[in-house]
Structure formats: C-alpha cells, structure tokens
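Residue-level structural notes
Here is what each chain is made of, one letter per residue.
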Protein chains: 2
Amino acid sequence: MNEKDKVTIYDISEKLNISAATVSRALNDNPKISIKTKELVLKTAAAMNYKQNRLAQALKSGKTNNVGVIVPYIDRNFFSSVIRGIEEELSPHGYHVIICQSHEDVTNEITQINTLLNTQIDGIFMSISKTTQDTSHIQKVLQEKTPLIFFDRKKDLPGFSSVTIDDFNGGFSATEHLINQGCTKIVHFSGDLNLDIYKNRCDGYMAALKKHGLPIRKEYIIQVNSKIESGASAISELWELEDKPDAIFSAGDYAALGAIQELKRRKVRIPEDVCVVGFSNEPFTKYMELPMSSVDQTPLEMGKIAAQVFLEQVKGKQTLTIEKKVVLTPELCIRDSSNRIGKAIPTVA
Amino acid sequence: MNEKDKVTIYDISEKLNISAATVSRALNDNPKISIKTKELVLKTAAAMNYKQNRLAQALKSGKTNNVGVIVPYIDRNFFSSVIRGIEEELSPHGYHVIICQSHEDVTNEITQINTLLNTQIDGIFMSISKTTQDTSHIQKVLQEKTPLIFFDRKKDLPGFSSVTIDDFNGGFSATEHLINQGCTKIVHFSGDLNLDIYKNRCDGYMAALKKHGLPIRKEYIIQVNSKIESGASAISELWELEDKPDAIFSAGDYAALGAIQELKRRKVRIPEDVCVVGFSNEPFTKYMELPMSSVDQTPLEMGKIAAQVFLEQVKGKQTLTIEKKVVLTPELCIRDSSNRIGKAIPTVA
DNA sequence: TTGTACGCGTTATCAT
DNA sequence: ATGATAACGCGTACAA
C-alpha cells in the first residue's frame, strides 16, 4: 500500500471511470454535480490519500495564497511580534507567510522583492531598511498589481497602504511625561533620521518642549544607533557638558539601557537625578534592575491590522488603488526609571 | 509603457521570431545554444521586464524552493533566532522560508503539515508542540519523501534527522556549577516531561547530584510551566518546607525569574543564600537587577546547522533515508545570580 | 543550434 | 449532470 507517487485527480477519475473534470467539480463543491457522485468521489479520494496540488491550482488561478514579509531582522522582538500578528490573522484564510530579512540593506530588499514577485506571492508586507532611499524598486510592485503594505517603517508613496504608530504622539507623550516629573533639561537620543519613525519621535519631543516653554537645545539631540554602547558613550559625551541633563528620552530601548548603565557607573541616581524613558518596550525593560519606562508599539496588533488591510484589499479587487493609512496610538508604559512620584525628590545642591 | 499582464517566454519568442524553447534555453544557461541568440534573448528579456514564473517552474520540476518551519510561537526569542539561522543559511541557495505556529497544539501541527505538504514544499523544519504524543502525522511525511528535520524538540523516529542540544549536558553542568558554588540542596524546576528536552535536563540534574553524592529528593523536583508566576509559586511552596533549598536550577528562564522575584520579596539573598540558574539565555537575563545565569542553546547555530542538514539531504537524493543526528553542546553563562566567587566581575554579554 | 510537441495537475469553457 | 479539451508558464525529450 505504498504511495510513492502523488495521486492526482486523474488517478481517481480512472478508478471511478468518470472524467477528471467531474472529480474536480466534486472536490470544489461545484453545484453542477449529483450528490451521489460527489460523495463517491470524496470518499475514494480520501481512501486513496489524495491531496490537492496547490501548486497547479496556483498556476491556474494566479493565486498562490502566499504572502511575503520583509523585515530587517526576524529575531528582533518587535518584528517577530508583528509577524506573529500577521500569521495569526492570515492563516485562517488559508495564507502562508514567507519571511525575508533585509539586514538593513536596500540591496537585499530589492532582490527580495523581485524573487517574491517571481514566486507570485499575493501580497507583500514590509518595513523598509535604514538604507532605503530610492524607492523605484517599491514603485515597481504597484505595476504588478501586487498589494504591498508598509508597517512601522514606511515610505510615503501614493498607492500604498500602511499601518504605523503615531510616533509623533509617542515622542510627545514620553517627553511630556518627563516634564511632568519635573525634568527641564531633557535629552533626546534620536535614531536614523532617514526613517520617518525616528524623525517623528524627534518632532514629538521638540513639540512637547515647545508647548511647555522649554528651549530646544541642539546639543541635547544626539544621534545614536540601537546598540547599548551607543547610549553609554552618548552619556559620556553629555557629562562633559557644563549643563548636565536631567532626563533622557531615547528613541530605542537598547540605547536607553546603555545610558542607564553608564549613569549608574557614574553614580547618578535614577530617577532622582535623571529620568529615563525608552522606546519599543522590549521584553527586557520590565526585568531590569530598575524597570525602564518605554513606549509600546503594539506590534501584535500592528501585524493583525496590516493583515486585515491586506484582506480588504484582495477582496475588493475592483477598486485597484486602495490606499489605507492606519495609525495606531502607542502606549507609554511608566516604570521606575522615570517615576518620581512616591519617591522623595531631592533638593538640588 | 504599462505592462499590465505578465510577460512570458512566448511574448519574447514572438518578438524575436524564435521558438519559446530557445528562449527557455537561453534563460537557463543551456549549453545547446549559440552565444549570439542567447545574448539577444537575455537583452530583450530584460528590456521587456520579463520575470520567470517560478510557479510554473515549480510545477514542472516538482521543486518549489520553499521550506516550511513549524514552531510553537514565532515571537519567542529562541524560535525566531533559529528561524533566522535557517533563513540566512537557505536564502543564498534560493529557498524561501514559510513559517507556521502550532500554538503548542497538535491539532494545528497536523493541519499545518498537511497544508505544507499540499503546497509542495521541499522540506519541513519543526519543533514539536508540548501536546504532541501520537506521531502518525509525522510518519506520513516520510512517505511523501519530503525531508523533515527536527530541531530542539524532537521525537525519536527512524528516518528523521534532528539538530538538538545536549540537554543532559546542560542540566548536568548547570547543576555541577551550583555544587561547585557550595550548594547542596538544589531544587530543579522541570518543564513538561512529555518533551525529551525537559526530561534530559532533569536527568542531567539528577546525574550531577548522584556524581557528587547528593541525594535526589522528590520534593525538590517541581514541575513548572514557562510563566513567571509558576516559578514564584513554586518558591512559596518550597519555603513551607522545613529544609529550604540553597539553589534553584530551572529548565526555563521565566520560571527562574519568578523564583528570583519571590525570593527577593522574602528577603532571601542571591546568590549568598540561594543561587539561581535558568535555561535558554533569554535576552532579558543579562539585564536583570541581578544578571541571571542561564544555559545558552545557541539557537542561531542550531538553525544554520539544521539548514545544512537539509541541504545535504536534498543534494544526495540517491540515499533516500539519510538520518543525521546533530547534537550541539549548550553553553553555561555564569552571571551574578549564581556566582559567589568573583562577584564584582561584571558579566559580559 | 533550433523548433515541435508534450506534460506537470488543475480548473473552466464548451458541448453533450 | 457529465465529458472532452484548452489553458496557466515552463522545461525538455525528440526530431530536424
């Protein structure tokens, strides 16, 4: 009873002395078929261990039921959470999720979009890499009438939907929270300003300062990367200044962590002397020596909503260029690193 | 210049007044073709923005260049790291990685294997769910002559390759390390013993005790899940005992974290009174109040090696049932939570 | 070196 | 209700 070769609808049509077309109809709930033969087909199909070849189906229909997701790195908590959201929303609809990593390199991004297109995926989800400037490779996707949905890191291009968080709001509320804690000299660790998300967080930061009548000081805005060391050395730099800051709002959690480590090394008290707020709400933030405040980007929800946008898009195919921009509100998680309430605020010497 | 419909080899054969076969040959570096026409085809193909339809190719060849990965949850650091390893090793060879989540439920696992098989993937990588007992759905994969490679959580079945870590060794060395710190009353938080990995860690623990002449006490082996609360309540239970332990070796980091939190609440000093070692080396362990010792499972490497095993398997197709078992050695990362000796030494990432 | 013809497994159109 | 046939896009024996 070994089935070495796949059984096709022809095998079963032969066995039943009917045509392959009828078999196909039976398998696809086609109304134009008698219940008798339908049941017969279904039964023997099961008996013969028949499996639909979705490849052939796909070639015929032009739909693969596969989508591609392009992210910088899949093992970054934020991205894997978004992917989880996408997968969980899409798999009940029969879609499979293919993952690609750009390693923050446009070159990879380009080839991945191309090979993804070649495999005839039904849609692409993508967070652009830091090095993506030119967008011609993305524009090309539009011509293939393949839906591409940006999440988190997007480019503002006509014809593309996106799901992002309100990074301006995130930066604004984090900064305002620090002001409410009594901080007035607030430093911002900014990320790569080529990415809108970091630009917006920075804008939000500045807007909050402005609203509260605080000066925007150039030397208080420092470009860092997402490494711990980067945050630490930024602190070293800052502590050379005459006028030392009393708060850090970092656009990333790792830089914030590095800052905290370096501040401790310098015996600076947190949050008494300096408050710190990060961004991303990485899992480690709540388990730190001093649980760190951070802005949560609700990645799971972001993934689910991106998937929903995709589903809408493929359903209502008539409207070719649907363009939907969803903006989620981030959530500020206040923890000990920026919570002075309940702690005695020391008199400044 | 809008190309609404995909251009095929027929379109380009028409334009050049040659046969589609010749075009195909040109595109595939077939030796039986003149350099002239080959270059001509390549040039016009590029000009017409031709893209291979890998779907048709796949249907023809029986190879999709897709592999499936089935894990409980994709946003768990360990799994996303393994997947990263698989992706990075396989993508240079033209493979795409499809991800599936079992949510620790065999039912999902079964349907995922089936749909994956229907889409004609070239291979499956999988870590079984906690609830997987019966393995008939896995056995079926063998008949389809589709390679399936286990990683981390495996079932010992003939015909299947696997890449795992030596969990026995992990449990053994962690326990021995605790003994070397002077601990004699060592508790083990065990995971679900349905999974070999947890059984082996437990066996390693017991072997270390035995080797050093320490008794194996039933009340010192506690079954926990991978939640923080589970570790905390285990401590509460243990602290009811007359004879309180002086060390915890947990088969998971989250339970270990819960234990540490509860111990602190009870003013138990770590590592002076109780040493703690976890398992998995989750990112948060090194950023904790007290950086936690843990056993690293080298997930990235595990993924890469699993991918290599797969590649070998599809290359040397002649040998049908190759069965390769790779066992990696885990790495004990000693940090403050179990380091009574050089306490001042800061832990390296 | 190039062209012809067929098949991969399905589904859809047209007859019957 | 069912059957024959074409077509999806490609690769490849076989023939020329």
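Structure: above.
All of the points below concern the structure found in this document. Keep in mind it's a predicted model, so treat the numbers as computed, not measured. (Residues numbered from 1 in each chain as written. Chains lettered and ligands numbered in written order. Predicted model: local features only at pLDDT ≥ 70, side-chain atom pairs only at ≥ 80, totals over all residues. Heavy atoms only, no water.)

1. Re the protein's contact with DNA strand C
- If you check the shell around DNA strand C, you find 26 residues, and the closest are Tyr50(A), Lys60(A), Thr22(B), Arg25(B) and Lys60(B).
- Note that a phosphate oxygen of DNA strand C is positioned 3.3 Å from one of the backbone N or O atoms of Asn53(A).
- At a separation of 2.8 Å, a phosphate oxygen of DNA strand C approaches a polar side-chain atom of Thr37(B).
- Broken down by class, the residue content of the surface near DNA strand C amounts to nine nonpolar, 11 polar and six charged. (Near = heavy atom within 4 Å. Polar contact = N/O pair within 3.5 Å; in protein donor to acceptor, adjacent residues only side chain to side chain. Nonpolar A, V, L, I, M, F, W, Y, C, P; charged D, E, K, R; others polar.)

2. So, the relation of the copies chain B and chain A
- Each copy of the sequence occupies a distinct position, and chain B is placed on chain A by a rotation of 180° and an axial shift of 0.0 Å, giving an RMSD of 0.1 Å. Given the turn and translation reported, the copies of this chain are related as if by a two-fold rotation axis. Across chain B, the rotation axis passes nearest the C-alpha of Glu289(B), at a separation of 1.6 Å.
- Comparing interface residues between copies, 100% of those in chain B also lie at the interface in chain A; the contact surface is shared. (Least-squares fit on C-alpha atoms with pLDDT ≥ 70 in both. Contact = heavy atoms within 4.5 Å.)

3. Some remarks on the pairing of strand E3 (residues 123–126) of chain A
All names here are of chain A.
- Residues Gly123 and Phe125 of E3 are buried on one face, and the alternating residues Ile124 and Met126, pointing to the opposite face, are buried as well.
- Across four bridges, strand E1 (residues 66–71) lies against E3 in parallel orientation. Along E3, the bridge assignment pairs Val67 with Gly123.
- Here three bridges tie E3 to strand E4 (residues 148–151), and the two strands are oriented parallel to one another. Residue pairing across strands places Met126 opposite Phe150, the latter belonging to E4. (Buried < 20%, exposed > 50% of the residue type's maximum accessible area, 1.4 Å probe, protein only. Helix = DSSP H or I, 4+ residues; strand = E, 2+ residues; numbered from the N terminus. Pairing = 2+ DSSP bridges.)

4. Side note on the protein's contact with DNA strand D
- Near DNA strand D lie 26 residues; those nearest to it are Thr22(A), Arg25(A), Thr37(A), Ile9(B) and Tyr50(B).
- Considering the 4 Å shell around the protein, atoms of DNA strand D inside it are sugar or phosphate in 60% of instances.
- Contact distances for DNA strand D include 2.7 Å between a base nitrogen and a side-chain N or O atom of Arg25(A).
- A distance of 3.5 Å separates a base nitrogen of DNA strand D from a polar atom in the backbone of Ala56(B).

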